[in-house]
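# Fold and geometry: a report
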Amino acid sequence: GKTSWKYYRFYSFTYLLMTFASYNLFLTLSLFSTPPKIELILREGIFYFTEITVATKILTILFMRDKLKESLKYIDCAEFVGDFHEKDGILFKTNKGYRLAWKLYALISNMAYANI
């Protein structure tokens, strides 16, 4: 969004970039300093490659922000509205089912929490 402080983008970008780089650097050092036991290496390797996928998502959002905004504006047009307001439509029935499932899940979760 828009912010009134003119240095906000500079400071936030610098902070996020330094945090991102240092976290990935320390994660790589942790992988290389893992003792040579297969159980430990597998655990660290899986975590490392999971974090690499997260890093690629972050970089995609960072470098392709304008294209993502453009595609979201395109999806928000009238052609993609669907049949949500019609009572017999697929989206209405699906949304109704999700709302019911969410309410049941919240009810069961709160009952389980209260019974502990």
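Residues numbered from 1 in each chain as written. Predicted model: local features only at pLDDT ≥ 70, side-chain atom pairs only at ≥ 80, totals over all residues. Heavy atoms only, no water.

## Quick word on the overall build of the protein chain
- Helix and strand counts for the protein chain stand at 4 helices and 0 strands.
- Scanning the protein chain from its N terminus toward the C terminus, one meets helices and strands in the order α-α-α-α.
- With 116 residues in all, the protein chain has 8% of them scored as buried.
- For the protein chain, the exposed surface amounts to about 10900 Å²; the carbon and sulfur share of it is 69%. (Helix = DSSP H or I, 4+ residues; strand = E, 2+ residues; numbered from the N terminus. Buried < 20%, exposed > 50% of the residue type's maximum accessible area, 1.4 Å probe, protein only. Areas by Shrake-Rupley, 256 points an atom, 1.4 Å probe, with all protein chains shown as cover.)

## Here's the deal with the packing of aromatic side chains
- On inspection of all chains with the given rule, the structure shows 2 aromatic pairs.
- Ring geometry for Y48 against F49: centres 5.7 Å apart, planes inclined by 80°, an arrangement best described as edge-to-face.
- For Y48, a relative accessible area of 17% gives the class buried. (Phe/Tyr/Trp six-rings, centres within 6.5 Å; stacked < 30°, edge-to-face > 60°.)

## Some thoughts on a nonpolar patch on the surface
- Side chains of W5, Y7, Y8, F10 and Y11 sit close together on the surface and give an oily, nonpolar patch of about 610 Å² of accessible area.
- Note that Y8 resides in helix α1 (residues 8-32). (Patch = residues over 30% accessible without salt bridge, like charges linked within 9 Å, V, L, I, M, F, W, Y side chains within 5 Å. Salt bridge = Lys/Arg side-chain N within 4 Å of Asp/Glu carboxyl O.)

## Section: helix α2 (residues 38-63)
- If you check α2, its first and last C-alpha atoms are 37 Å apart, about what 26 residues at 1.5 Å a residue would give, namely 38 Å.
- Among the residues making up α2, those that are buried are G45, Y48, E51 and A55.
- The elements touched by buried residues of α2 are α1. (Expected span 1.5 Å × (residues − 1). Contact = heavy atoms within 4.5 Å.)

## What to know about the side chain of T34
- Position of T34 among the secondary structure elements: in the loop between α1 and α2.
- Here S30 takes part through its backbone oxygen, which lies 2.8 Å from a polar atom of the side chain of T34.
- At a separation of 3.1 Å, a polar atom in the side chain of T34 contacts the main-chain carbonyl oxygen of L31.
- If we ignore the near neighbours within four places in the chain, the residues touching T34 are L40, I41 and E44. (Polar contact = N/O pair within 3.5 Å; in protein donor to acceptor, adjacent residues only side chain to side chain.)

## Some words on the UniProt feature "transmembrane region" (unreviewed entry) in the protein chain
- The feature "transmembrane region" (unreviewed entry), as annotated in UniProt, sits at residues 12-33 and 45-64 in this numbering.
- As annotated, residues 12-33 comprises 95% helix and 0% strand, and the C-alpha atoms at either end are separated by 31 Å.
- Regarding residues 45-64, the helix share stands at 95% and the strand share at 0%, and the terminal C-alpha atoms are separated by 28 Å. (UniProt positions renumbered as here; feature names shortened; annotations may be inferred.)

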